[in-house]
Amino acid sequence: MWQDLRFGFRVWARQPGLTLVVVLTLALGVGANTSIFSVINAVLLRPFPFAEPERLVRVWGVDEERARQAGDAGRTDYGVSSNDFLDWKAESRAFETLVAYGSGAATLVDSTGSVQVRSGSVSPEFFPLLGVTPVLGRFFETGADGKPEDKVIVLSEPLWRRHFGADPSVLGRTVFLAGAPNTIIGVAPAGLEPPIVEKRGVPDLWHPRSLSAPPVMRGVRWISVLGRLRPGVTVAQAQEELDAINQRLAKDFPATNTGQRALVMPLADSVVQEVRPALLLLLGAVGFVLLIATANVANLLVARSVMRQRELAIRSALGASRGRLLRQLLVESLMVALLGGALGLLLSLWLTDLLVALSGGAVPRVQHVQVDARVLTFALAVSLSTGVLFGVLPALQGSRLALQATSGAAGRTTSAGRSQKWTRQSLVAGEVALSLILLVGAGLLLKSFWRLHQVDPGFQPEQVLMVELTTPRPNTTRPDQVLTNSHRLLDEVRALPGVVEAGTINLLPLSGVDSCQPVLVEGRPLGSGPPPCAEARTSSPGYFRALGIPLLSGRVFDARDTESAPRVAVINSAMARRFFPQEDPVGRKVSVGNPASPTWLEVIGVVGDVRQLGLEKESSPELYQSQLQVPAWQYTLVVRAERDAGTLLAAVRGVARRIDPEMPLFNIRTAEALLSGAMAQPRFRALLLGLFAALAVGLAAVGIAGVVSWSVAQRTREIGIRVALGARPRDVLRLVMGQGMAAVLVGIGLGLAGAAVLTRVLEGLLFGLSATDPVSFAAGVVALMGTSLLASYLPTRRALRVDPVVALRAE
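Residues numbered from 1 in each chain as written. Predicted model: local features only at pLDDT ≥ 70, side-chain atom pairs only at ≥ 80, totals over all residues. Heavy atoms only, no water.

K.L.:
Just to check I follow, could you spell out helix H7 (residues 235-252) for this structure?
P.N.:
Since the α-helix turns once every 3.6 residues, residues separated by three or four places project in the same direction. Taking 1.5 Å per residue as the helical rise, H7 with its 18 residues ought to reach 26 Å, and the 26 Å between its terminal C-alpha atoms agrees with that figure. Restricting attention to buried positions, one finds in H7 the residues Ala238, Gln239, Leu242, Ile245, Asn246 and Leu249. An end-on view of H7 places all buried positions within 130 degrees of arc, on one side of the element. Along H7, exposed side chains directed more than 90 degrees from the buried face belong to Ala236, Glu240, Gln247 and Lys251. In the core, the buried residues of H7 are packed alongside strand S1 (56-63), helix H4 (82-91), strand S3 (95-110), strand S10 (221-229), helix H8 (254-257) and strand S11 (260-266). (Helix = DSSP H or I, 4+ residues; strand = E, 2+ residues; numbered from the N terminus. Expected span 1.5 Å × (residues − 1). Buried < 20%, exposed > 50% of the residue type's maximum accessible area, 1.4 Å probe, protein only. Arc of directions from axis to C-beta. Contact = heavy atoms within 4.5 Å.)

Next up, the structure:
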């Protein structure tokens, strides 16, 4: 073996050009695969840092009626009412623990100053359910009356280090959270983000929550639920038990629970369910790239085995068996494969950082991507398997040629040449087929992304700044104080230089937050089932102009719509079509919220539809109430600027500080950034698959050029004779390119068949087109044919310059 290694090193060193091409080709394939695997390892394979994470489940609410109305029957991410949660907790035997949680924002004030924080509101059993231990102090406890302790908080480990300098004496310190005194009792370990990542992000601290269940709240679904299964209980058994409980609740409370179900899902699946198909798709794509790279290297080595035929024949004549020759050739292949794998691993470090940057926050847990033992093992396994894969075929052919030469089987030379020709063309056909499948898939995703990009979001995002604000002291601030502060905020922001309009909204478009509330229309009888619903929003008078939402009829809110004036509402076009299909809704009265105690609102206007749940989701019926009549404790300030909205941030922050120094500002961004974030996942998968397809086509072009170049070299004498006998350049061109393009055409045929089957997996990722879109297939074929013709033509130019005399002398 040592002799084989030394000789293999000398063989590769004698051909530095070939060695460099092989190593770089393998590095591209191994590096791309390792980088994607690094992401999959962090996102899909690495277990959560909790005790027995396989027993942790997320329990989603499922509202069949609302999903049907919205045309999204597969949606399962609705909230749960506190009443249903408490019933589940009391009656279920499949769960060891069930906890409720949510998120919010507040300002934390202590002796060192104030800091804006994201807060998690959790049941006292939240931390024991996860099975984690505090870094410092303790977690929440429950009193003898069963109620959780009050006015205590647990800090996150990052906040403890960032704001408190990792001071152990922080325990027992009193700080003010949302204007109320709270005592710090503990510090949670790092890595608790997966179960409680909501729209506001990872919590900086946690406080206990106590749930009550007044009958009027049964139809209000807003909490999230996490559970731990009892040992031996499966997800299917827990699902069956909750289905039975919900059926009983539907009989007892038909007005609020008809059509209400629950979906029990493993925690890991709930976190990554949206990105798993895309990541597995990308892993398959880079697998194709690796196969193409392997075929290219095998092609090079098949040609190299012809040049080494004399050397291998001498070895065979000196007594080397075919197995001995195979071992030598495989050792050489593994040597260069490991070298390419090492370079590919280094390349993957850069590619992984690029993938994380391109994800744009659309991939959960991506911040944990790193090269660990599992990734290193994967890179080694890929390198070794690739070395064997591309080395076996050339080794078999090389050893067979050597034995034929030794035995004097000269008559088999022609068949051996045909065998090599067939092998190389088959490899090229395979490369072309795989490349076409990737090209078609990339074309489908890019076209889908383009169509999504063309969707009208319902607002004008240019020059719009968005700043989320929260009432600093919600427990002690009266509604009239909230109104006074929001009035003052809007007045002072409008007075800033460069501001066109300003307004507020409690839930931004494209937020994905479901706030569908039951709607009644005055004069229409209430049916037997649950009433239809509409997304409920609260906005200020200037919001529609600030965001550029068009007014279609009637008017929007203005100074007349005060708390003492009759209650009014503005609805969107989708609600007008749904509830008033043959009449003018302006002047009609509707009620939103509790059907048992309706509060009638007069519809004063109809505005354009806005995509609330995502660009790919059709606009739902939507109803706006006036911030002057229904104050929102938490809202987003929307500011339209004359020019660059980002330049107004410092001035807006200054206004908020003057009104209340403790007012927290979160999620500061432009409307264009909001729109870009809504397209982050489609852009990520379309861009990456496009890059991998381009890489595959480039490698396939190299393979095609290699086959044609090899053909020119083998047929130099024949071409010289043809030219001497009067063959014109176009005849030579057709002769040489025809041989290369024959393999391409076979590969295109195979690729079309493969694409027709494999692109079916993309159906769930496409928007506005079919997985068999003919334009994408045709574009892939045209792009690959053009590349193949160019790759064939470049080496064919050598054949056009062949001098017959020189060719015959060379032979």
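Now that the structure has been shown, we can carry on.
K.L.:
Just checking my understanding: could you explain the packing of aromatic side chains for this structure?
P.N.:
Summed over the entire model, instances satisfying the criterion amount to eleven aromatic pairs. Here Phe126 and Phe127 contribute two aromatic rings whose centre-to-centre distance is 5.1 Å and whose plane-to-plane angle is 80 degrees, an arrangement assigned as edge-to-face. Within the aromatic cluster, the residues linked to one another by ring pairs are Tyr101, Phe126, Phe127, Phe139, Phe140 and Trp206. Over the ring of Trp60 we find Arg58, and its NZ or CZ is 3.9 Å from the ring centre. Taking NZ or CZ as reference, Arg578 lies 5.4 Å from the ring centre of Phe579, over its face. (Phe/Tyr/Trp six-rings, centres within 6.5 Å; stacked < 30°, edge-to-face > 60°. Lys NZ or Arg CZ within 6 Å of the ring centre and 35° of its normal.)

K.L.:
Help me understand the pairing of strand S18 (residues 589-592) in this model?
P.N.:
Successive residues of a regular strand alternate their side chains across the two faces of the sheet. Here strand S14 (residues 516-521) pairs with S18 via three bridges, running antiparallel. Within the sheet, the bridge partner assigned to Val519 lies in S18 and is Val592. As paired strands, S18 and strand S19 (residues 600-607) are joined by three bridges and run antiparallel to one another. In the strand pairing of S19, Val590 is matched with Leu601. (Pairing = 2+ DSSP bridges.)

K.L.:
What exactly am I supposed to notice about the environment of Pro457 here?
P.N.:
Structurally, the position occupied by Pro457 is in the loop between helix H14 (413-453) and strand S12 (464-470). Residue classification places Pro457 among the buried positions, given a relative accessible area of 8%. Separated by 162 residues in sequence, Pro457 and Ser619 have C-alpha atoms that sit 9.2 Å apart. Contacts of Pro457, omitting those with residues within four sequence positions, involve Asp609, Val610, Arg611, Leu615 and Leu675.

K.L.:
Even after reading the chapter, I still don't get the pattern of salt bridges, so can you show me in this structure?
P.N.:
Any two side chains of opposite charge can pair, on the condition that their charged atoms come close. Counted according to the given criterion, the structure contains 29 salt bridges. Ionic pairing is found between Arg173 and Asp167, a salt bridge with its closest N-O pair at 3.3 Å. Residue Arg173 is classed as partly exposed on the basis of its relative accessible area of 25%. The salt bridge involving Lys447 is made with Asp773; its shortest N-O contact spans 3.1 Å. Of this pair, Lys447 sits in helix H14 while Asp773 sits in the loop between helix H22 (729-758) and helix H23 (774-800), and the two are 326 residues apart along the sequence. Of the two residues examined, Lys447 and Asp773, each falls in the buried class. Via salt bridges that share partners, Asp491, Arg494, Glu501 and Arg545 belong to a single interconnected network. (Salt bridge = Lys/Arg side-chain N within 4 Å of Asp/Glu carboxyl O.)

K.L.:
Honestly, the nonpolar core in this entry has me stumped. Any pointers?
P.N.:
As a rule of thumb, soluble globular proteins bury nonpolar side chains together. Judged by nonpolar contacts, the single largest core of 106 residues is most densely connected at Phe127, Leu130, Trp206, Ile549, Tyr624, Val638 and Phe692. Here this core takes 13 residues from H14, the largest share from any one element. Sequence-distant contacts of Phe127, defined by excluding residues within four places in its chain, comprise Val132, Phe139, Phe140, Val154, Ala188, Leu192 and Trp206. Within the second largest apolar cluster, 21 residues are counted, among which are Leu496, Leu637, Val639 and Leu648. (Core = buried A, V, L, I, M, F, W, Y, C linked by side-chain atoms within 4.5 Å.)

K.L.:
What is the right way to read the confidence of the model for the chain from this model?
P.N.:
Caution is warranted with low-pLDDT regions, since their predicted coordinates should not be read in detail. On average, the chain scores 83 in pLDDT, and the residues at 70 or more come to 88%. Across the chain, the secondary-structure element scoring lowest on mean pLDDT is helix H24 (residues 804-810), at 59, and the one scoring highest is strand S17 (residues 568-572), at 95. A low-confidence stretch, residues 409-416 stays under pLDDT 50, and its non-local contacts, those more than four residues away or across chains, total four contacts. (pLDDT = per-residue confidence, 0-100.)

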